[in-house]
Amino acid sequence: MSERIAYVNGEFVLESQAMVSIFDRGFVCGDGVYDVARSFNHRPFKLREHCERLMRSLKYTHIRLDLSAADLEKIALEVFNRNKHLLGPTDDYMIWIIVTRGLDVPSRNPLEAGKPTVVVYNRPPYFIRAKFYRIGAHVVLTSTRRTPPECLDPKAKITNKMNHIQAEFEAKMVDPEAFPLLLDLEGNIAESSTANFFFVRDGRVFTPRPKNILLGITRDTIFEIAPSVNVEITEGNFTPYDVYVADEAFLTTTSFCILPVSRFNGKVLSSNIPGPVTARLIEAWNRSVGMDVVEQALSHMTPVERAALP
Ligand SMILES: Cc1ncc(COP(=O)(O)O)c(C=O)c1O
């Protein structure tokens, strides 16, 4: 079979046949949660941790699902294993798990919604960002602030990404390839739209404290691997000043893992990409997942694109 399969409410179906209702509250009002894991070398990474974070997002949003983290993990593995034969040697999958509150009929009352809708599917990672491993990403501050926990706690991974999408538009109006960087309401650095943010000064790594950000599983993994390369990480409240005077910075997320940052609001932070501390963390990352994630992403570029890189 040359088409991937997806899971929708208990059924394994071809992606082209996978459907959810027009009355689904996820579609009608962004009333859902999700999580995204990925594989390295065709092996899912920290899938259980992603399922556990999804369970916390469900609890916080009062979506009552009669499946456990172990059940979700089993379903996600089943989808992955059914699609694995379509992976080429240098491919991998993202593993998307989406749960919405279910149908909005006959009542609009969220307490009366039907059974939650559960969808799992695989997609390739966004290798399109590969060149930034070599040239570094441009990060731009946006006027859109990260949703504070007083409104909607950023620790929950909610399907409604409009806060982040507004920020993406703002950043991309400055530079079509820029990544947004959102502040919290107090003016401290929070995170990007789909990634956590770290910066380096005098050999030490700093990252925003957990209050106003999604607690990324990649971020957690950076904390786990940092000691193996003698890198110390400090959490705190940081302002744009701290980034302007940083020696290096990087973004972390499941798809691209660790992406070096070269510019902040147009100012060059480092022309040596990746910087020495970022490079040590990428090496430690590669060791921990058993493959070279940078080489994998670069291998998906055309020879002409690759030859144009520094
Ligand atoms: C807002 C936000 N922050 C951070 C992350 C990184 O999280 P993780 O490392 O678990 O992929 C994501 C991932 O999509 C995100 O959406």
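Counting of residues starts from 1 at the beginning of each chain's written sequence and follows it residue by residue. For a predicted model such as this one, the threshold for reporting local features is a pLDDT of at least 70, and the threshold for listing and counting side-chain atom pairs is 80 or more; totals across whole chains, interfaces and linings nevertheless cover every residue.

(A) A look at the site of the ligand. Each residue receives a C-beta atom placed from its backbone. It is near a molecule or strand if this atom lies within 6 Å of it. The immediate surroundings of the ligand are formed by 13 residues, with Leu-214, Gly-216, Ile-217, Thr-218 and Thr-254 found nearest. The numbering of helices and of strands both runs from the N terminus, where a helix is a DSSP run of H or I of at least 4 residues and a strand a run of E of at least 2. For the shell around the ligand, the leading source of residues is helix H6 (residues 217-225), giving 3 residues. Residue classes in the shell around the ligand are distributed as 3 nonpolar, 8 polar and 2 charged. In this count, Pro and Cys sit with the nonpolar residues alongside Ala, Val, Leu, Ile, Met, Phe, Trp and Tyr, while Asp, Glu, Lys and Arg are called charged and the others, Gly among them, polar.

(B) Layout of the packing of H6 against helix H8 (residues 276-289). As a packed pair, H6 and H8 sit with axes 10 Å apart at the nearest point and diverge in direction by 100°. Viewed along their axes, H6 and H8 adopt a mutual orientation that is roughly perpendicular. Within the contact between the two elements, H6 uses Thr-221, Ile-222 and Ile-225 and H8 uses Leu-281, Ala-284, Trp-285 and Ser-288. When the residues that make up the contact of H6 with H8 are grouped by side-chain class, the tally is 5 nonpolar, 2 polar and no charged. Lines are fitted to the C-alpha atoms to define the axes, a helix being fitted only along its stretch in contact, and any angle between axes, read from their N-to-C directions, falls within 0 to 180 degrees. What sets the label is the angle itself: under 35 degrees gives roughly parallel, over 145 gives roughly antiparallel, 65 to 115 gives roughly perpendicular, and the rest give oblique. Residues are defined as contacting one another if the C-beta atoms placed from their backbone atoms lie within 7 Å.

(C) Structural detail: the sheet that holds strand S3 (residues 32-40). Ordered by their spatial adjacency, 6 strands build an open sheet running S2-S1-S6-S5-S3-S4, and the pairing between neighbours is antiparallel. Each edge of the open sheet is held by one strand with a lone partner, namely strand S2 (11-14) and strand S4 (43-45). Going from strand to strand, the sheet's axes swing by 25° on average, the running direction of each strand aside. A strand pair is defined by DSSP finding two or more bridges across the two strands. Two elements, S3 and strand S5 (residues 94-100), share 7 bridges in a ladder whose sense is antiparallel. Paired with Ala-37 across the strands is Ile-95, a residue of S5. Each of strand S1 (5-8), S2, S3, S4, S5 and strand S6 (117-123) touches helix H3 (residues 69-83); the most contacted strand, S6, lies at about 35° to it.

(D) Spatial organisation of the environment of Lys-155. Relative to the helices and strands, Lys-155 is located in the loop between strand S7 (137-141) and helix H5 (162-174). In this structure Lys-155 touches Leu-214 and Leu-215, once residues within four positions along its chain are discounted.

(E) Representation of the nonpolar core. In these notes, a nonpolar core means any group of buried Ala, Val, Leu, Ile, Met, Phe, Trp, Tyr and Cys residues linked to one another through C-beta atoms within 7 Å. The exposure label follows from counting other C-beta atoms within 10 Å of a residue's C-beta, where the C-beta atoms are placed from the backbone and the thresholds are 20 or more for buried and 12 or fewer for exposed, leaving partly exposed in between. In terms of nonpolar packing, the biggest core is built from 73 residues, with Val-139, Ala-249 and Trp-285 touching the most fellow members. Counting residues per element, this core draws most heavily on H8, which supplies 6 residues. Built from parts of two domains, this core gets at least three residues from each of domain 1 (5-124) and domain 2 (129-298). If sequence neighbours within four positions are ignored, Trp-285 has contacts with Ile-225, Cys-257, Ile-258 and Val-293. By convention here, the domain bounds are inherited from an automatic or database domain assignment.

(F) Representation of the pairing of strand S11 (residues 204-208) within the structure. Taken across its 5 residues, S11 has 4 buried, putting it largely inside the fold. The pairing of strand S10 (residues 196-201) with S11 spans 3 bridges and is classified as antiparallel. Across the sheet, the residue bridging to Val-200 is Val-205, located in S11. In this structure, the hairpin formed by S10 and S11 is closed by a connection of 2 residues, where Asp-202 is found at a positive phi of approximately 50°.

(G) Just the domain arrangement of the chain, in detail. One can read the domain layout of the chain as domain 1 (5-124) and domain 2 (129-298). On a C-alpha basis, the centres of domain 1 and domain 2 stand 26 Å from each other. With 23 residues of domain 1 in contact, the opposing surface of domain 2 contributes 13 residues. For the side of domain 1 that touches domain 2, the elements supplying multiple residues, two or more each, are S3, helix H2 (47-60) and S5. A per-element tally of the side of domain 1 that touches domain 2 places S3 first, with 8 residues. When the residues that make up the side of domain 1 that touches domain 2 are grouped by side-chain class, the tally is 9 nonpolar, 9 polar and 5 charged.

(H) Highlighting the environment of Gln-17. Here Gln-17 shows up in the loop between S2 and helix H1 (25-29). Taking the C-alpha atoms as reference points, Gln-17 and Ser-57, separated by 40 residues in sequence, lie 28 Å from one another.

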